[in-house]
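# Coordinates in review
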Number of protein chains: 2
Amino acid sequence: MTPHSQRTPEQSRILRLLRDRGPCTRAELVSLTGVSRSRLAGELDELATVGLVQRDGPGVSRGGRPSPLVALADDLRFVGVDLGATSVAVGVANSRLDLLAFVEEPVDIRDGPRKVLAQVRDLITKVSGEVGTDRPSGIGIGVPGPVSYRDGVPVSPPLMPGWHHYPLRDQVAREYGCPVTVDNDVNLMAVGERWGGVAKGMDDFLFVKIGTGIGSALVMNGAVYRGIAGCAGDIGHIRVDDEPLCPCGSRGCLEATFGGAALARQATAAATSSESTVLADLLARNGVLTAVDVGVAARHGDPVAVRLIRSGGQRLGNVLAGLVNFMNPPLVVVSGGVSRLGHVLLAEIRQTVYSRAMPLATGNLPIVLSEIGETAGVLGAVVAASDQIFSTL
Amino acid sequence: MTPHSQRTPEQSRILRLLRDRGPCTRAELVSLTGVSRSRLAGELDELATVGLVQRDGPGVSRGGRPSPLVALADDLRFVGVDLGATSVAVGVANSRLDLLAFVEEPVDIRDGPRKVLAQVRDLITKVSGEVGTDRPSGIGIGVPGPVSYRDGVPVSPPLMPGWHHYPLRDQVAREYGCPVTVDNDVNLMAVGERWGGVAKGMDDFLFVKIGTGIGSALVMNGAVYRGIAGCAGDIGHIRVDDEPLCPCGSRGCLEATFGGAALARQATAAATSSESTVLADLLARNGVLTAVDVGVAARHGDPVAVRLIRSGGQRLGNVLAGLVNFMNPPLVVVSGGVSRLGHVLLAEIRQTVYSRAMPLATGNLPIVLSEIGETAGVLGAVVAASDQIFSTL
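Residues numbered from 1 in each chain as written. Chains lettered and ligands numbered in written order. Predicted model: local features only at pLDDT ≥ 70, side-chain atom pairs only at ≥ 80, totals over all residues. Heavy atoms only, no water.

A word on the sheet that holds strand E11 (residues 205-210) of chain B. All names here are of chain B. With mixed pairing, the 5 strands of this open sheet are ordered in space as E13-E12-E11-E14-E15. At either end of the open sheet lies a strand with only one pairing partner, and these are strand E13 (223-225) and strand E15 (367-369). Adjacent strand axes in the sheet meet at a mean angle of 30 degrees when their direction is disregarded. The pairing of strand E12 (residues 214-220) with E13 spans 3 bridges and is antiparallel. The residue of E13 that forms the bridge with Met 220 is Ala 223. Here helix H12 (residues 343-356) sits on the sheet and contacts E11, strand E14 (332-335) and E15; the angle it forms with E15, its principal contact strand, is near 165 degrees. (Pairing = 2+ DSSP bridges. Helix = DSSP H or I, 4+ residues; strand = E, 2+ residues; numbered from the N terminus. Axes fitted to C-alpha atoms, helices over the stretch in contact; angles between N-to-C directions. Contact = heavy atoms within 4.5 Å.)

What follows covers the sheet that holds strand E13 (residues 223-225) of chain A. All names here are of chain A. Overall, mixed pairing links the 5 strands, which are arranged E13-E12-E11-E14-E15 in an open sheet. On the outer flanks of this sheet lie E13 and strand E15 (367-369), each paired with one strand and no other. On average, adjacent strands in this sheet sit at an angle of 30 degrees to one another, irrespective of strand direction. Along the sheet, helix H12 (residues 343-356) makes contact with strand E11 (205-210), strand E14 (332-335) and E15, crossing E15 at roughly 165 degrees.

The next subject is the domain arrangement of chain A. Split into domains, chain A comes out as domain 1 (9-72), domain 2 (78-195 + 375-389) and domain 3 (201-371). Distance from the C-alpha centre of domain 1 of chain A to the C-alpha centre of domain 3 of chain A: 46 Å. (Domains from an automatic or database assignment.)

Take the interface of chain A and chain B next. The partner chain B presents 35 residues to the 35 residues of chain A that form the contact. Together chain A and chain B conceal approximately 2,900 Å² of surface at their shared face, both sides included; 67% is due to carbon and sulfur atoms. On the chain A side of the contact with chain B, Tyr 225, Phe 326 and Leu 360 of chain A bury the most area, a combined 27% of that side's loss. The tally of links from chain A across to chain B stands at 0 salt bridges. Linking chain A to chain B there are 14 residue pairs in polar contact (both at pLDDT 80 or more). Among the elements that make up the side of chain A that touches chain B, the one with the highest residue count is helix H11 (residues 303-327) of chain A (5 residues). (Buried area = accessible area lost by both parts, 1.4 Å probe. Salt bridge = Lys/Arg side-chain N within 4 Å of Asp/Glu carboxyl O. Polar contact = N/O pair within 3.5 Å; in protein donor to acceptor, adjacent residues only side chain to side chain.)

Let us now look at H12 of chain A. Residues and elements named next belong to chain A. Here H12 is 14 residues long and its end C-alpha atoms lie 20 Å apart, about the 20 Å a rise of 1.5 Å per residue gives. Looking only at H12, the buried set comprises Leu 345, Leu 346, Glu 348, Ile 349, Thr 352 and Val 353. In a view along the axis of H12, the buried residues occupy a sector of 160 degrees, so they form one face of it. Exposed residues on H12 whose side chains face more than 90 degrees from its buried face are His 343, Gln 351 and Ser 355. (Expected span 1.5 Å × (residues − 1). Buried < 20%, exposed > 50% of the residue type's maximum accessible area, 1.4 Å probe, protein only. Arc of directions from axis to C-beta.)

As C-alpha cells, then:
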C-alpha cells in the first residue's frame, strides 16, 4: 500500500478529522469517528506505514499519565496551483492546510500547455524550496475553463487554446509521482472560501468571480456542483443584451458587457472620444486603460467611470437576482479583481439583487466580498489535493 | 416500535430495494444490501412486526426447493395529494407505487385551509373507498408555493392567502394517524418524473412547469434541491422585461409575460381589440378565453395566437438558457397544462435555448415534454410518502 492507494472509509474519517481539528488522542478519535479502539489501532498502523499519520506526538495530560496525540505526518506538503487567464499563483501548505509559501506572477494561458506548465514547474520548485520540501504529497490545479473532473482534462475551454483534452492531471501526476486533481478555477476559489474564507463551514452558497471575465460556482450540500459537462456556474455567457459581440461568437453576453475586459474597452472608448477627461488623462499617461483605472477615475469622481461601474453592477445584479430566485442560497460571495473596484459596485449589485429577486429569497441573504481574495484559488487547490489523498476513491 | 418509528439504515435499504425491485429472496437481499444473513433475519422480523414486510410470499424455484420471497406488505397504501392553484388531484398507490385510483377536480386554493382541506378529505375518502382501504400508511402533499420542508408548513405562499405557516403536515398527520410529508407541488412533480416519467432514474435534471404560472425544480445528485427558504426553482418572478405589473408587486416577471394567466390576458386583449377575429369568435362563443383557446386558435392558423405562443416560448427559452449555463443539466423536462399547447411552443423553447446557451452546455441536452402529465404530482407525492416511511429519519 502506498499513499496513492485507496483509503478505507474509517481511514478517510480519521484523516479528515486530524486535518480539520488537529492532533487528537486515541480516545477522542474513538469517540469522534465511532471506530472501535482495536480497529482504530489497526487503521492507524496502516496510515503510519504509508506515512500519513504519526502515532506518538507530544502527549497531553488531564491529570494522569499523558496520552500521546495522533497527528497527521509533519512532512505532508500539498501544492496548490491557481492558473488564471493572465496570472498564475502557486502555494504550498502543510497537513493542516496552512499556506507556508505563496507566489504569483503573470502568465498568458494562450501560450499553451508546454510553455505554461514549464512556468508552473519553476514556481513549484520555488515555493517548495522556500519551505524545504522536495516532493509534494498531492497537487491541486485550477484552470480558467470547463474541466472534466473525472478525466482531469480541460474541455473546450474558450480562453485556453491548445488545452482541449490536454491530459493535465495525468501529465503532472507522472512528473511529480503524486496524486493530482484538476478543477475549474472558480470552483476551487469557492472551495477555498469554504475552507478559510467568509463562507467558512457553509454547506450552501453562491460564489461569483468578477475578473477579466465573470464566472460562478454553486456550492450545494457541502460540495461544488459541476454539472454534466463540468461547466456549471459558467454565467459569463448568459445573454443580457443584444450587443456587443462576445469573443465566444454570441452577442450581448454578460461578460461582453461587464468584467475586466469589458470595462477596459468601455473606458478606452470614453477616453478616446473625450467623453471622460479623467480617463483620457489616464490613457495618455499609461498608454493603456484597465479596469483598475476605471476604479481610480471613479474614486476621483469621474461621472463616466461611476456610470460604467453602476451599469455593470446592474447587469450582473440582474443575472444574480435570477440565480438567487432559482437556487435560493443562504449566502452570495463576490470575489475577483474587479470586485475590489470600490463600494459603488457592491452597492449596485446588492441594490439590484435585493430589489429584483423575490423577498422570500432575499429576506436573509448576505452579499459579501471575499476576504481572502487572491489566495482563495490556491487554498481551494490544496483542499482539493488533500481531499483526494484522504478520500476513499 | 410502530410504523412511525425510525428505521435502521439496514431496514431502510431493504425497504427501498423491495419497493424499487419487487419481491426478493433472502439470498438476493443479502447480496444486494450487504447485510449478513443473520442480521437480515432480525431486521425482517422487526419489519414484519410493524407490518411493513411479509416474509413468506410465493416461492421461486431455480431447480431445487423453492425459496420463499420477501415482499412489502400487501396492504400498504400511500396517498398522494397534488394541490394546485385551481385544481386538486388525489391518488392512492400500493407498496410498489402503482397508482390504483386517481381523481382530479377544480379547487380554489384561495378559499383557505379549512374549505380546501375538507374537499381534499372527501377526495381521499373517495379514492380510498375505490381501492377498499380504510387507513393510508402515509400521505404526501404538494402545494403551489414555497414550503418549509422541515416544518411541513407553507411559507409566504403568494397564491395561497390564509396558508402562511398553516400546520398542514401536523394537522393531516393527526387526522389520519399516519406520517405526512409536505413539499412544493413542482418539486413533487419532478420527483414523479424521476420515478415513473421521462426522467426515470436520472439523478440530475431541470424540471419546468408551465401552468397558470411558471415554476421549476432542480434535481441534483438524486434529490430535489430546495434552497434555504424552500423556494429554490421559483423562476416565475425572474425579471424579463419592464412591463407588465405582476401580482407579486414587481414588473416584467416571466410569469407576468407568459404562462396560462398571461396568455389568457393577452388573448382577451387581442380579441376585444379585434386584432384577432379567431380569438374574438372564441371569446364571443365561450364568454372567456383561456390558454387552451390560444392553442386552438394557433392550430387554426391564427397569426396572433401563434405570435403569442412564440413570444412566450422565447421569453421562457431565454430564462432557461441562462439556467442551463448555470446548472449544466443533462436533461430538461417541460410539463404543465400550457406545455401541451402544441409543437410551436416546444420548438420555440428548444431553438432559443440551443442558440442562446453555451454549446458545451447544450451539446447533448434533450429538452423533452413530460409523458405522465397530470399524474406526475400525485406520483411524486406517493414517492415522498413512501420515502418518509422507509427512511431512517
